[in-house]
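Structure assessment
Residue-level listing of the chains:
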Amino acid sequence: MAGNDWINSYLEAILDAGPSIDAAKASLLLRERGRFSPTRYFVEEVITGFDETDLYKTWVRAAAMRSPQERNTRLENMCWRIWNLARKKKQIEGEEAQGISKRRLERERGRRDATADMSEDLSEGEKGDIINDLSAHGDSTKGRMLRISSLDAIEAWASQYKDKKLYIVLISIHGLIRGENMELGRDSDTGGQVKYVVELARALGSMPGVYRVDLLTRQILAPEVDWSYGEPTEMLTPRSSENSIHESGESSGAYIIRIPFGPKDKYIPKEHLWPHIQEFVDGALSHVMQMSRVLGEQIGGGQPVWPVAIHGHYADAGDSAALLSGVLNVPMLFTGHSLGRDKLEQLLKQGRQTREEINATYKITRRIEAEELALDASEIVITSTRQEIEEQWRLYDGFDVILERKLRARIKRGVSCYGRYMPRMVVIPPGMEFKHVAAHDVDADGDPEGNNDNLAFPDPPIWSEIMRFFTNPRKPMILALSRPDPKKNITTLVKAFGECRPLRELANLTLIMGNRDDIDEMSSTNSSVLTSILKLIDKYDLYGQVAYPKHHRQSDVPDIYRLAAKTKGVFINPAFIEPFGLTLIEASANGLPIVATKNGGPVDIHKVLDNGILVDPHDQQAIADALYKLVSDKQLWARPRHPQWRRSGDGPEDSEPDSPNDSLRDIQDISLNLKLSLDGEKGKDDTVVNALGSGDVAANGNSSNYVNAVVKLSKDVEQHKIGSSERIDHNSSKMPMLRRRKYILVIAVDSVSDADLIAIIKSTFEASTGYRMSGLIGFILSTRLTISEIHSLLTNGGIVPTDFDAFICNSGSDLYYPSSNSDELLYPSELPFALDIDYHSQIEYRWGGEGLRKTLVRWASSVTDKKGEIEEQVVVEDLEHSSTYCHAFQVKNPSLVPPVKELRKQMRIQALRCHVLYSHDGSKLHVIPVLASRSQALRYLFVRWGIEVPNMVVFVGQSGDTDYEGLLGGVHKTVILNGGFNTAQSELHSTRSYPLKDVVAFDSPNILQIDGCGANEIQFALEQLGAFHEINFFPGSS
């Protein structure tokens, strides 16, 4: 994999485990004096200040009115509407400013509290400003593997890892994903991320030491999409023969695995996938379990081969990867691609929507919580640029640059962090393929119109498709390539081009905006942007100067770059914010100078390439000036523009760089140029390392460190795996009954009294009596109660504990099995239950332990109820009901305690990772490990004992504890028991972060609601769900 620095770095990371109100009023008053022009007001004040499609449509209808009086009345009403929009925008901006100030104070307070707990003083040398010079999970960078930057290093990698046979799982669940003929730009969900994950999977599958890569996504059988998206499995063919050094096998290589979840016959946008995430997790878990067994037979000597890492892409996949990694106990990686908090800030700045309206459209609150969970669960967060770390991730509760630096310093000194953790941020820019980039010369008299007389090298068809738009195709081409999405800011580009006459006279504009057949068939957002662009073309009379072809193939993109370079053109990316900017690298590789937004990844790219100008995307004039400068100054094109590839036999070139002021540097193999330090070992200003001045690993005398680090990291990864067969089979002979069960009934009703819970248990037993004779049905009680409380409850209710096969206790932090054999007891003098110790090894990841408890106790002491001069503590530690992995507290007055989201936020700000739950009535507070829950415990039973999740039926009430939503989703069947026996839920649960309907698909065929909880009602529910379809009913057995 010579030169593929992106993939090499990736594997290292895995193995390193508006107008004012007064002005509007004044303009409106002019109407009475006869000088008010609604048309001028709309054009000058509205179009330049707002981008409201519905307002524009209103304007079109009003302008078409024949009656001047009616037209002016409508326009005047619309002006008042605009005035209200301006006032609304100011109000939203004010509220957001207050929120930012509050968040800053909370972060500073949390940082002070965390520092107070970590009482060790830090030396000045450990308070440095370097952000990534030390991992929060390991040693300093001096002992860590350096970046691969030479063929010698790559050969060393191949030699070391060729026998590793790693299994890697990638997850990207939204959009249309396939290996060939990707429909990039078809919709907002099928963009650069699709290409990123497919090419990442393909490249990883060809790496030495990697046996298999699975890219998990959604299976789509909708009639409006191609049949290929419904294929369960698709193999990704390697791009070259380099994988010949890679040992092949029956199941080796890279594959797209499509998991069925959500509506079977609909292709839905990512915002509507949240209710189906649990279903995907169950399906993905089943696939990974099956594949691990298959790989075990092929390469594992009969022992399961577990994934070395699970990598989630985007928030939805990050949420899924967190749950999967938790139940499998393997490391997780996360790449956000774009982040919800940053998008929320951008939308609020525009002032068109309130926070509530934004959440209703984009489900942004659910997305942000998924990203916070990904921070909680990830070992490594892979970013494209340092800007993403410093400007975007800093907005999250779970990441703080200053606190992360202090944690790293403590780890370096070998001092306890008191249960605090931060994921490691690794900057690895996306790679790109160079096989389509051909060296080419551009002379001053190049003819872009055609070269078809040369039959050996005919012009690509896309050239003529673009050139047919232009009156003078010889002019330099300004090229923009993106979806017609508002955040891509194409309308500002067209305005800048249309209003700058010198630029229009000197250049043409080409807009490659995805593919379309009919504008009316596009999404409302995309069609709105495209319609606005077409109207701007008409407004500025840009016919013959702007190209906007309807179709192009992905394979046409390199030819489009070449055409722009042939005309001595410019590539521009004017997006409001660009997470990375891969198109900038592609354009540069083809010899194009760039104009790019100053917000995001282009800043890092420009530091390396120095071949263009960064602009404020909101500054229309700055965009026009930058474009005019690059297409008008012939000196910028006097130097060679094409890539100069360095071959393996070439020695280092001693070329002095030109002055960076106006130069456009040659591009020296960008796959080696774009080296973003794995841990920032060169400091903040050297995030992007220029290959022109870098030596290889061997030359620096670090090859031995590289090999040693690889060996160490390989051992570290092995320790992360779910464990050997000894762990999985531990105690298996002691719990034979659970392994024999084919169907499981889970009673998880939180919203009833103890007496009603006993009645429901007895009704469930009675309803299934006719099937229990087979011995294939088991029972599990899932509750917030401790095992001693469960024992008292059952014995007082006349139920024998051995009627159950397992007990999920303490809100999912403990798992017990009934036992009548004293040898099986953890403490023989205690109750007749056996504790599953292996379950604790699954959930203890990032458990804060005593450090978390002390922080919670301090917080509890601050929650008081003042009654005159008497101050009573509202939250009190409940030591009697606490356990090793559950800190329990009693809540005396639920109305005075903060909701779950606020308490969870306070813990995250202090780098404490945990799962916070209130009981149904709000009287109990449990804090358990971040990846522990009652729903995760059910998945553990599948991993441990092979009990299929689809064969589980979970009984719940109308409402429940804070983890209620997790019990409803997934491939298991759920029965909701409605009726007056359900007690009222605490008001604490009404302040949830997002509506329940955003995360639960109540219309799922796996969810059934019934009235009552008697044996007849429960038996009816089991029959309706087909719960025991493979078991014969034994009538009269009761």
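Everything numeric in this text was worked out from a predicted model, so none of it was measured.

Thresholds, definitions, all that
Residues numbered from 1 in each chain as written. Predicted model: local features only at pLDDT ≥ 70, side-chain atom pairs only at ≥ 80, totals over all residues. Heavy atoms only, no water. Helix = DSSP H or I, 4+ residues; strand = E, 2+ residues; numbered from the N terminus. Buried < 20%, exposed > 50% of the residue type's maximum accessible area, 1.4 Å probe, protein only. Areas by Shrake-Rupley, 256 points an atom, 1.4 Å probe, with all protein chains shown as cover. Core = buried A, V, L, I, M, F, W, Y, C linked by side-chain atoms within 4.5 Å. Contact = heavy atoms within 4.5 Å. Expected span 1.5 Å × (residues − 1). Pairing = 2+ DSSP bridges. Axes fitted to C-alpha atoms, helices over the stretch in contact; angles between N-to-C directions. Salt bridge = Lys/Arg side-chain N within 4 Å of Asp/Glu carboxyl O. Phe/Tyr/Trp six-rings, centres within 6.5 Å; stacked < 30°, edge-to-face > 60°. Lys NZ or Arg CZ within 6 Å of the ring centre and 35° of its normal. Parallel < 35°, antiparallel > 145°, perpendicular 65-115°, else oblique. Left-handed = near helix turned anticlockwise from the far one by under 90°. Right-handed = clockwise from strand over helix to strand, strands pointing away. Patch = residues over 30% accessible without salt bridge, like charges linked within 9 Å, V, L, I, M, F, W, Y side chains within 5 Å. Lys, Arg positive; Asp, Glu negative; His and termini not counted. Charge placed at Lys NZ, Arg CZ, Asp CG, Glu CD. pLDDT = per-residue confidence, 0-100.

What follows concerns the overall build of the protein. A tally of helices and strands in the protein yields 35 helices and 30 strands. The buried share of the protein, taken over its 1038 residues, is 59%. Roughly 42,600 Å² of accessible area belongs to the protein as shown, and the carbon and sulfur atoms make up 47% of that amount.

Ranked by internal contacts, the top residues of the largest apolar core, which has 126 residues, are Ile171, Leu328, Trp393, Tyr918, Leu925 and Leu941. Those residues in contact with Trp393 that lie beyond four places of it in its chain are Phe334, Leu339, Glu371, Leu375, Val381, Thr383, Glu388, Phe399 and Met425. Judged by nonpolar contacts, the second largest core, of 60 residues, contains Leu493, Ala565, Ile572 and Leu627.

Attention now moves to helix H18 (residues 524-539). The end-to-end C-alpha distance of H18, which contains 16 residues, comes to 22 Å, matching closely the 22 Å that a straight helix rising 1.5 Å per residue would cover. Among all positions in H18, only Asn526, Ser527, Ser528, Val529, Leu530, Ile533, Leu536 and Ile537 are buried. Note on H18: the residue one or two positions beyond its end, Asp541, has a positive phi of about 55°.

In spatial order, the strands read E21-E20-E19-E18-E17-E28-E29-E30; together these 8 strands make up an open sheet with mixed pairing. Each having just a single partner strand, strand E21 (833-835) and strand E30 (1007-1011) make up the two edges of the open sheet. Each adjacent strand pair in this sheet contributes to an overall mean axis angle of 25°, direction not counted. Most of the contacts of helix H27 (residues 754-767) go to strand E17 (residues 743-747), to which it runs at about 165°, and overall it touches E17, strand E18 (777-782), strand E28 (952-956) and strand E29 (973-978). Docked against the sheet, helix H35 (residues 1015-1025) engages E17, E28, E29 and E30, running at close to 155° with respect to E30.

This paragraph deals with the side chain of Lys924. Summarising the element assignment, Lys924 is placed in strand E27 (residues 924-929). A relative accessible area of 19% means that Lys924 is categorised as buried. Setting aside its immediate chain neighbours within four residues, Lys924 contacts Arg784, Asp878, His881, Phe889, Gln890, Val891, Leu917, Tyr918 and Ser919.

Before going further, it helps to examine the pattern of salt bridges. Taken as a whole and judged by the stated rule, the model has 37 salt bridges. Residues Glu234 and Arg258 are paired through a salt bridge, measuring 2.7 Å at the closest nitrogen-oxygen approach. Of this pair, Glu234 sits in strand E3 (residues 233-236) while Arg258 is found in strand E4 (residues 253-259), placing the two residues 24 residues apart along the sequence. The burial state of Glu234 is the same as that of Arg258; both residues are buried. Note that Asp963 and Arg934 form a salt bridge whose closest N and O atoms lie 2.8 Å from each other. Here the residue Asp963 occupies a position in the loop between E28 and helix H34 (964-968), and Arg934 occupies one in helix H33 (residues 934-945), the gap between them amounting to 29 residues.

In this section: the packing of aromatic side chains. Evaluation of the coordinates by the stated rule reveals 13 aromatic pairs. Taking NZ or CZ as reference, Arg218 lies 5.8 Å from the ring centre of Phe261, over its face.

The next subject is the sheet that holds strand E1 (residues 166-171). The pairing of strands in a sheet happens through backbone hydrogen bonds and is either parallel or antiparallel. With mixed pairing, the 8 strands of this open sheet are ordered in space as E3-E4-E2-E1-E5-E6-E7-E8. Either end of the sheet is taken by a strand with one partner, and the two such strands are E3 and strand E8 (424-427). When strand polarity is set aside, the average angle formed by the axes of neighbouring strands in this sheet is 25°. Bridge count for E3 against E4 is 4 bridges, and the pairing is antiparallel. In the sheet register, Met235 faces E4, and the bridge partner there is Tyr255. Set on the sheet, helix H7 (residues 192-205) makes contact with E1, strand E2 (210-218), E3, E4 and strand E5 (309-313); between it and E2 the angle comes to about 160°. The strands touched by helix H9 (residues 314-328) within the sheet are E1, E5 and strand E6 (332-335), with E5 carrying the most contacts at an inclination of about 160°.

For the rest of this paragraph, the subject is the environment of Phe469. Tracing the backbone through its elements, the reader meets Phe469 in the loop between helix H15 (461-467) and strand E9 (477-481). Distance in space between the C-alpha atoms of Phe469 and Leu509 is 9.9 Å, their sequence separation being 40 residues. Among all residues touching Phe469, those that are not within four sequence positions of it are Gly544, Gln545, Val546, Ala547, Tyr548 and Pro549.

When the terminal C-alpha atoms of H27 are compared, their 20 Å separation across 14 residues agrees well with the 20 Å that a helix rising 1.5 Å per residue should span. The complete set of buried residues in H27 reads Leu757, Ile758, Ile760, Ile761, Ser763, Thr764, Phe765 and Ala767.

Packing of H9 against H33 leaves a shortest axis separation of 9 Å and a crossing angle of 50°. The orientation of H9 with respect to H33, classified from their angle, is oblique. Classified by chirality, the crossing of H33 by H9 is right-handed. Residues Leu323, Gly326, Val327 and Leu328 of H9 form the contact with H33, whose own contacting residues are Gln936, Arg939, Tyr940 and Val943.

Before going further, it helps to examine the packing of helix H10 (residues 340-350) against helix H11 (residues 355-362). Relative to each other, H10 and H11 sit at 130°, their axes nearing to 10 Å. Regarding the angle of H10 to H11, the classification is oblique. Our pair here, H10 against H11, has a crossing hand that is right-handed. Across the interface between the two elements, Lys343, Leu344, Leu347 and Leu348 of H10 pack against Arg355, Ile358 and Tyr362 of H11.

Before going further, it helps to spend a moment on the pairing of strand E23 (residues 870-873). Pairing geometry for strand E22 (residues 864-867) and E23, over 4 bridges, is antiparallel. Within E23, the residue paired with Lys866 across the bridge is Glu871. Following E22, the chain reverses through 2 residues before pairing antiparallel with E23; Gly868 in that reversal takes a positive phi of roughly 70°.

It is worth spelling out the pairing of strand E13 (residues 594-597) at this point. When strand E12 (residues 570-573) meets E13, the two strands line up parallel, connected through 3 bridges. Looking at E13, one finds that Asn573 is bridged to Ala596. The handedness of the E12 to E13 crossover, carried by helix H20 (residues 582-589), is right-handed. As paired strands, E13 and strand E14 (residues 612-615) are joined by 4 bridges and run parallel to one another.

Below, the discussion takes up a negative patch on the surface. Judged by side-chain charge, Asp517, Asp518, Asp520 and Glu521 come together as a negatively charged surface patch. Relative to the helices and strands, Asp517 resides in the loop between strand E10 (508-512) and H18.

Below, the discussion takes up the side chain of His887. By secondary structure assignment, the location of His887 is in strand E25 (residues 887-891). Judged by relative accessible area, which is 7%, His887 ranks as buried. Among all residues touching His887, those that are not within four sequence positions of it are Trp847, Gly849, Leu852, Arg853, Leu856, Ser882, Leu925, His926 and Val927.

In this section: the environment of Glu948. Note on placement: Glu948 falls in the loop between H33 and E28. Classification of Glu948 as partly exposed rests on a relative accessible area of 36%. Sequence separation between Glu948 and Ile744 is 204 residues, and the spatial gap between their C-alpha atoms is 9.0 Å.

If a residue is not glycine, its phi is most likely negative; likewise, a peptide bond is most likely trans. For Asn329, which is not a glycine, the phi torsion comes out positive at approximately 60°. The backbone of Asn489 sits at a positive phi, close to 65°, despite the residue not being glycine. Along the chain, the position of Asn489 falls in the loop between E9 and helix H16 (490-499).

Attention now goes to the confidence of the model for the protein. Counting all residues, the mean pLDDT for the protein is 77, and 73% of those residues have values of 70 or more. Every residue in residues 441-446 is under pLDDT 50, and counting partners more than four places away or in other chains gives 7 contacts. Across residues 824-829, confidence stays below pLDDT 50; counting only partners more than four residues off in sequence or on other chains, it has 13 contacts.

Another aspect to go through is the environment of Ile368. One can find Ile368 in helix H12 (residues 364-377). It is 7.5 Å that separates the C-alpha atoms of Ile368 and Ala315, two residues lying 53 residues apart in sequence. For Ile368, the contacting residues outside a window of four places in its chain are Gly340, Arg341, Leu344 and Tyr396.

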